[in-house]
Amino acid sequence: MTEGIITPNLEEIIGKKDSESIQNAINYASQTGVNSVTIPRINRRTGEQIWWIDQAIILPSNMELILDNCHLRQSDDCFDNMFRNFFDTEREGHQLSEQRRNIVIRGQGHAILDGGKHNGLTQKTSLRDGMPHVSKNNLILFYNIRDFVLENFEIRNQRYWGINLLHAERGRISQIFIDGECDCRNQDGIDLRVGCSNILIEKITGQTGDDVVALSAIGNNKIQNSMNIIYGVNGHDEDIHDIIIKDIIATSVECAVIGIRNCDGRRIYNVTIDNVHCTDNYAVQDGKRYPEYPKYKLFDPKHSVLHRIYKGNGPYTLIRIGQHGYYGERNSILGELYNIHATNLHMYQGTVITANVAMENCYFGNIYAENDVDHILTTKDDRDTSPRGANIRNVVIENIFYHNRDNEHAVAFDLDASEENRSYTVENLMIKNAFLGNCKRIFETNYSAKIEYCQIHGTFVEKENGTKNTN
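Residues numbered from 1 in each chain as written. Predicted model: local features only at pLDDT ≥ 70, side-chain atom pairs only at ≥ 80, totals over all residues. Heavy atoms only, no water.

A. Quick look at helix α1 (residues 18-32). Spanning 15 residues, α1 covers 21 Å between terminal C-alpha atoms, matching the ideal 21 Å at 1.5 Å per step. For α1, the set of buried residues is Asp18, Ser19, Ser21, Ile22, Gln23, Ala25, Ile26 and Ala29. The secondary structure elements touched by the buried residues of α1 are β1 (36-39), β2 (51-53), β3 (57-58), β4 (63-68) and β5 (71-74). Of the residues one or two after α1, Gly33 is the one with positive phi, at around 85 degrees. (Helix = DSSP H or I, 4+ residues; strand = E, 2+ residues; numbered from the N terminus. Expected span 1.5 Å × (residues − 1). Buried < 20%, exposed > 50% of the residue type's maximum accessible area, 1.4 Å probe, protein only. Contact = heavy atoms within 4.5 Å.)

Okay, structure coming up:
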């Protein structure tokens, strides 16, 4: 075997297909103790500048994979992940003793992981008519893993979620550019599911169809419950905690930039969020990008390929906390989602913070909202027919700079509960240092709320300090 850098281009390693060549290189690097493989730009087997992936590449413990200016693309008939850390997910990885460790995927230059053409596997077709579980459409799927790094590459055309982590701890995800075509539903960027902790997510840019970053301690239906079973780890807790999310400059076509959801007793706590900028999204037609305007569809009959036409083309919220209906047995309650600290938040439409169900002991500060932002905080859902309202306790929102172009719908703090949720309460919500320009009202609420506010500035405001109680 040739000494030096191990690549899938080595004559002794090249297989019949590109996936086999890459897997051969990884297996050899692991067996020899080199523990590092580099995928170069040129594919020696085909002579092309692309590597076709038709089955998952399995990464063992103590492995570094370097993507050197290369383009990996899933084949049209692939029904598998691009990278995974276990071979047989039906039988492997369910014990803590099997935990994989020290796995790195690191890009150099412009490295691309490309989902290619969608294969028809969705949440609706999952486990039907011979289809595998929809999680096989995650580009990267890691579970029962500790000490990992994913950094410096582009995710393009993901067929489901770009990165899916379950029971993952002590990791870093950094410098990821996401270019989702939004040609399928649930096209999230980065998802942390049950059992994730001590993870840094930073420097994420681009656009997704669904949530850019999602923390989801849920299992509310057949698809999500089966995912928790397939990738469950005996003896490992299912809470999500001690997560840092920072330097996010990205947008979603139809959902949240950051989504935080839990249910059925699973907890989410100790989450720090900083420096989140929602950017304008764009439309793609025949491979060309066109500017997109929030709340309007882009339609040109001259072009046959239209993307990004969901719900008005733009995220409905910057940060989503909780969501009614995301449960198997019950929604979350007070004491199960807490210690969320979010600062330096920038939003241009919809809502800055959407809170449903329950949150407490949270802080939101340095908020910049403009253009078509209707609310700083709302307890409504993105769908008019969904239940509304939230139990809120011990929450501070301060240092707010808000200016809406059209104040018809501009209510800075919109606390609205549907009839079945009128027993919810808001206790100790403190609003401080707010500059509210062109805003219709400071508050609207139809259920019990205790709100303290001070230093609220705006032409409609009669006093700068006060307490609002509703029963």
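B. Examining the side chain of Gln99 more closely. By the element assignment, Gln99 lies in the loop between β6 (83-84) and β7 (100-108). Judged by its relative accessible area of 12%, Gln99 is buried. Engagement of the side chain of Gln99 in a polar contact is seen with the side chain of Glu169, the distance being 3.1 Å. Setting aside anything within four residues of it in sequence, one finds Gln99 in contact with Ser61, Asn144, Ile145, Arg146 and Glu169. (Polar contact = N/O pair within 3.5 Å; in protein donor to acceptor, adjacent residues only side chain to side chain.)

C. Examining the environment of Glu12 more closely. Residue placement: Glu12 occurs in the segment before α1. Since its relative accessible area comes to 46%, Glu12 is described here as partly exposed. Spatially, the C-alpha atoms of Glu12 and Asn24 are 9.2 Å apart, while their sequence positions differ by 12 residues.

D. Quick peek at the side chain of Asn85. Locating Asn85 in the fold gives a position in the loop between β6 and β7. Within the structure, Asn85 has its side chain in polar contact with the backbone oxygen of Tyr143 (distance 2.8 Å). Once you skip the residues sitting within four places of it in the chain, Asn85 turns out to touch Ile58, Leu59, Arg100, Ile103, Leu141, Phe142, Tyr143, Asn144 and Ile145.

E. Highlighting the packing of aromatic side chains. Applying the stated criterion across every chain yields a total of eight aromatic pairs. Look at Phe443 and Tyr453: their rings are 5.3 Å apart centre to centre, the planes differ by 55 degrees, and that puts the pair in the tilted class. Of the two residues, Phe443 is situated in strand β25 (residues 441-445) and Tyr453 in strand β26 (residues 449-457); the sequence distance between them amounts to 10 residues. Of the residues examined, Tyr453 reaches a relative accessible area of 12% and is grouped as buried. What links up through ring pairs into an aromatic cluster is the set Phe86, Tyr143 and Tyr231. (Phe/Tyr/Trp six-rings, centres within 6.5 Å; stacked < 30°, edge-to-face > 60°.)

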